[in-house]
Amino acid sequence: MAAARGSVVLQRAIRGLRDLRGWSRTKTQTFSQAQLLWRPQIRHLSCSPGPYEAEKASTGPNSLSFRSHSCGELRAHHVGQKVTLCGWVQYLRQNLFVILRDFSGLTQVLVPQEAAGNLKSSLCALTVESVVRVTGTVRQRPAGQELKAMDTGEIEVLAEDMEVFNVCRKLPFEIKDFTKKSESLRMQFRYLDLRSSQMQKNLRLRSQLVMKMREYLCNVHGFVDVETPTLFKRTPGGAKEFVVPSREPGLFYSLPQSPQQFKQLLMVAGVDRYFQIARCYRDEGSKPDRQPEFTQVDIEMSFVDQAGVMSLVEGLLHHSWPAEKGAIKAPFQILTYEEAMRDYGVDKPDTRFSMKLIDLSQVFLATEIEFLRSALSQPGGSVQAVCVPSGAKLFTGKDYEELKQTAKTEFDKELSLVLVKSDGTLKSPLKKLLSPSAAENLLERTEAKPGDLLLIAAGPLSTVRPLLGNLRLQCAQLLESRGFSVRDPSSFHFLWVVDFPLFLPKESSPEELESAHHPFTAPLPEDIHMLYTEPHKVRGQHYDLVLNGCEIGGGSIRIHKASEQLYVLKNILKEDPCLLSHLLEALDSGAPPHGGIALGLDRLVSIMVDAPSIRDVIAFPKSHRGHDLMSHAPDSVSEEELKSYHISVKWPTEKGRGGEK
């Protein structure tokens, strides 16, 4: 044992000399150059490698490691070099070949027929996914045996020594990209699922993205990375929060939905520019493709306006965007909330394709069709349409029924379908109710061509627009399933949506108002006079960042005056100001004008890599029900353990823990 300890101490001393002795810091460059650099000046010690030890790297992914190279980096120019590889056995072939895998890729290892007995015995003991170390010489593969589909397909490693670190048991699924696995099985054995090449790429791209974001914010624009508390108190409005019991009877913490209040307090504190890669928590139940805990790039600035925050984010994304994903164009397109709803029916439009909403109110102004005339006679009534290219040609009767069913079940509206036949005539129950001139006006207004499909809905704009916005996306998916190109998955369309309503009617009681964003958003200066008379007409200084039809960020300029914030909380939202007394006192203590934004990191990365779910870019996500299928969290706690928190569990039926399969 003493000899082993001495060996470890010696190895660490040598490593320390190799990696620390030559480090020197360059002189700090001017801030305008926006770089702080540390350069390692490596000084190699004269320690010759052992009989099976290759020359070790002093920096990079192979430093401080058993290996000299990673499995995916070997190429023809390495031929003749002695290397040491560590990894997992991907394949075993003919008792001669081992395909070795690590995070970087695959390498073929050849164990020669005349190999020593211990090398042969090591090979015989191997199973797929066993962990080994191999030392050998890189050589060119024999002519005709190259594998172009493999990055290392020109070479192989002739093994001279092999050490088996761990023999793998029989696994529940193979670690191969083509192996299909249910998501629940992937979640249950996440440590195996993460071995796949796609998951490795996703996590590494995410890491590189965050590193570049930190570099840009800190080194280019002087931001300060500040950690904020996880245990906090309930915030009025917004999503439901997780509650954490304390040891004081009846007192609970809440896990923050975001660091919103803290970052505003940091502006009051004079920090000036704050950011954080923040963990956030929302108890959103079983909403699809949501996570109870998620990560956002949280940003706040003092003495800034809306244009300043938007320019910062555009520069941030341009700087950190992966080169392999192609360049992104800035500045981004800007739409007002009203324009987005008018043209696309949603406040986060996918602008990769057109199919905009079309107002047909003028076309049917003098119509005799009863349901259209009734809709137009109502306040805010309208007739709207979407023209689906080739929809009449590609869609089936089942597709038409699904579209009508969506309109009925989700929006309680009837949907009228008009098919434009190949000869340009119409096929629809509405045809016999339309005069020839009305039919002609309809085709002219919608610019419909033979083979197209018209979706027509009538009613209040507040209902008809979201209905057709939803069906627009549904039709895009249907067209793509029929082989019709609609959205380019490799293109990235960024879009700002601005001038949102500051308040919206509550769904449960429409006569009351709630914040469209959060209660700290400032009104537009030109609307501030209506805050005290017609708050439902006020627009906020709120801006959303949309990418390919998904909201990936939202922010606002904040209310920085205590009196205005108190009025919003107390008189408009009917919230108890005592819950935010600390923030109101801070705003009354000399708060600068400030604003910020939060970018959803999980959603952003999932769109970058075209992942079907945000769970594919998170190392250890929860299931759609918020469960950890690997560790079986959440878990029960004994009554004895609950006593110190002065709480007890009231079971709705019989005592037990619900599982998820």
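Residues numbered from 1 in each chain as written. Predicted model: local features only at pLDDT ≥ 70, side-chain atom pairs only at ≥ 80, totals over all residues. Heavy atoms only, no water.

Undergrad: In this structure, what is going on with the overall build of the protein? I would like to understand it.
TA: Each helix and strand in the protein was counted, giving 17 helices and 24 strands. Buried residues in the protein amount to 45% of all 661 residues. Excluding contacts between residues fewer than 6 apart, the proportion of contacts in the protein whose partners are at least 24 apart in sequence is 67%. Carbon together with sulfur atoms contributes 53% to the accessible area of the protein, which is approximately 34800 Å² in total. (Helix = DSSP H or I, 4+ residues; strand = E, 2+ residues; numbered from the N terminus. Buried < 20%, exposed > 50% of the residue type's maximum accessible area, 1.4 Å probe, protein only. Contact = heavy atoms within 4.5 Å. Areas by Shrake-Rupley, 256 points an atom, 1.4 Å probe, with all protein chains shown as cover.)

Undergrad: Help me out: how do you make sense of helix H5 (residues 197-220) in this one?
TA: In an α-helix there are 3.6 residues to a turn, and that puts residues three or four apart on one side. Between its terminal C-alpha atoms H5 stretches 33 Å, which fits the 34 Å expected from 24 residues at 1.5 Å a residue. The inward-facing, buried residues of H5 abut helix H3 (183-188), helix H4 (190-193), strand E11 (273-281), strand E12 (293-302), helix H7 (306-320) and helix H16 (601-608). Two residues or fewer after H5 comes Gly222, characterised by a positive phi angle close to 70°. (Expected span 1.5 Å × (residues − 1).)

Undergrad: So what exactly am I meant to see when it comes to the nonpolar core here?
TA: Note on soluble globular proteins: their nonpolar side chains tend to be buried together. Among the nonpolar cores identified, the biggest contains 41 residues, and Ile299, Leu317, Phe494, Leu545 and Leu604 are the most heavily contacted of them. Looking at this core, the elements with two or more residues in it are H5, E12, H7, strand E19 (494-498), strand E22 (542-547), strand E23 (550-557), strand E24 (594-600) and H16. With near-sequence residues (within four places) excluded, Leu604 lies in contact with Leu209, Met213, Leu317, Trp321, Leu547 and Ile552. Listed in part, the 25 residues of the second largest apolar core include Leu417, Leu453, Leu468 and Leu478. (Core = buried A, V, L, I, M, F, W, Y, C linked by side-chain atoms within 4.5 Å.)

Undergrad: What is the right way to look at the sheet that holds E19 in this model?
TA: Strands pair in a sheet through their backbones, by hydrogen bonds, and they do so in one of two ways: parallel or antiparallel. In spatial order, the strands read E8-E11-E12-E24-E23-E22-E19-E13; together these eight strands make up an open sheet with mixed pairing. Either end of the sheet is taken by a strand with one partner, and the two such strands are strand E8 (224-225) and strand E13 (333-336). Pairing of E22 with E23, which is carried by six bridges, proceeds in the antiparallel orientation. The residue of E23 that forms the bridge with Leu547 is Cys550. (Pairing = 2+ DSSP bridges.)

Undergrad: Any chance you could explain the packing of helix H8 (residues 337-344) against helix H13 (residues 461-481) here in plain terms?
TA: Helix-helix packing: each pair is described by the crossing angle between the helix axes and the interaxial distance. Close contact between H8 and H13 brings their axes to 8 Å; oriented N to C, the two are set at 65°. Mapping the contact onto sequence places Glu338, Met341, Arg342 and Tyr344 in H8 and Arg465, Pro466, Gly469 and Arg472 in H13. Among the residues making up the contact of H8 with H13, the classes are represented as three nonpolar, one polar and four charged. (Axes fitted to C-alpha atoms, helices over the stretch in contact; angles between N-to-C directions. Nonpolar A, V, L, I, M, F, W, Y, C, P; charged D, E, K, R; others polar.)

Undergrad: Sorry, what's going on with empty space enclosed by the protein here?
TA: Where empty space is left can be seen by rolling a probe of water-molecule size over the atoms. For the coordinates displayed, the defined rule picks out two cavities of 30 Å³ or more. Of the residues that constitute the lining of the largest cavity, the class distribution is five nonpolar, no polar and two charged. (1 Å grid on protein atoms, 1.4 Å probe; cavity = no way out; pocket = protein on both sides within 12 Å on 5 of 7 lines; lining within 4 Å. Points joined across faces, edges and corners; volume = space filled by probe spheres on them.)

Undergrad: I keep staring at the pairing of strand E18 (residues 453-460) and nothing clicks. Help me out?
TA: Within a regular strand, side chains alternate between the sheet's two faces. The buried fraction of E18 is high, at seven of eight residues. Note that strand E15 (residues 381-388) and E18 share eight bridges and pair antiparallel. What sits directly across from Val388, in E18, is Leu453. In this structure, strand E16 (residues 416-420) lies alongside E18, joined through four bridges in antiparallel fashion. Across the sheet, the residue bridging to Ser416 is Ile456, located in E18.

Undergrad: Got a minute to help me understand a nonpolar patch on the surface in this structure?
TA: A grouping of Tyr191, Phe620 and Met630 is seen on the molecular surface, where their side chains present a nonpolar patch of about 290 Å² in accessible area. Structurally, Phe620 can be placed in the loop between H16 and helix H17 (639-643). A residue is classified by how much of its surface remains accessible, and Phe620, at 47% relative accessible area, is partly exposed. (Patch = residues over 30% accessible without salt bridge, like charges linked within 9 Å, V, L, I, M, F, W, Y side chains within 5 Å. Salt bridge = Lys/Arg side-chain N within 4 Å of Asp/Glu carboxyl O.)

Undergrad: Any chance you could explain the packing of aromatic side chains here in plain terms?
TA: A ring pair, where both rings are aromatic, is described by two values, the distance of the centres and the angle of the planes. Enumeration according to the criterion identifies nine aromatic pairs in this entry. Summarising the aromatic geometry, the rings of Phe332 and Phe494 are spaced 4.6 Å apart at their centres and angled 10° between planes, so their arrangement reads as stacked. Residue Phe332 is found in the loop between H7 and E13, and its partner Phe494 is found in strand E19; the two are separated by 162 residues along the sequence. The two residues Phe332 and Phe494 agree in class, both being buried. Note that Arg133 overlies the ring of Phe66, its terminal NZ or CZ placed 5.0 Å from the centroid. Seen from the ring of Tyr645, Arg247 lies directly overhead, with NZ or CZ sitting 5.1 Å from the centre. (Phe/Tyr/Trp six-rings, centres within 6.5 Å; stacked < 30°, edge-to-face > 60°. Lys NZ or Arg CZ within 6 Å of the ring centre and 35° of its normal.)

Undergrad: Sorry if this is basic, but what is going on with the pairing of strand E4 (residues 97-102) here?
TA: Counting buried positions over the six residues of E4 gives six, a clear majority of the element. Burial along E4 is two-sided: the face carrying Phe97, Ile99 and Arg101 and the face carrying Val98, Leu100 and Asp102 are both buried. Bridging between strand E3 (residues 82-93) and E4 involves five bridges; their strand directions are antiparallel. Within the sheet, the bridge partner assigned to Trp88 lies in E4 and is Arg101. Hairpin connection between E3 and E4: a loop of three residues separates the two successive antiparallel strands, and Gln94 in this loop has a positive phi of roughly 55°. In terms of strand pairing, E4 meets strand E5 (residues 105-110) through six bridges, oriented antiparallel. Across the sheet, the residue bridging to Ile99 is Gln108, located in E5.

Undergrad: What exactly am I supposed to notice about the packing of H5 against H16 here?
TA: Remark: H5 packs on H16, axes separated minimally by 10 Å, with the N-to-C direction vectors making an angle of 120°. As judged from the angle between their axes, H5 and H16 are oblique. Once H5 is placed against H16, the crossing between them reads as right-handed. On H16, the residues that touch Asn202, Leu205, Arg206, Leu209, Val210 and Met213 of H5 are Leu601, Asp602, Leu604, Val605 and Met608. For the contact of H5 with H16, the class distribution of residues is eight nonpolar, one polar and two charged. (Parallel < 35°, antiparallel > 145°, perpendicular 65-115°, else oblique. Left-handed = near helix turned anticlockwise from the far one by under 90°.)

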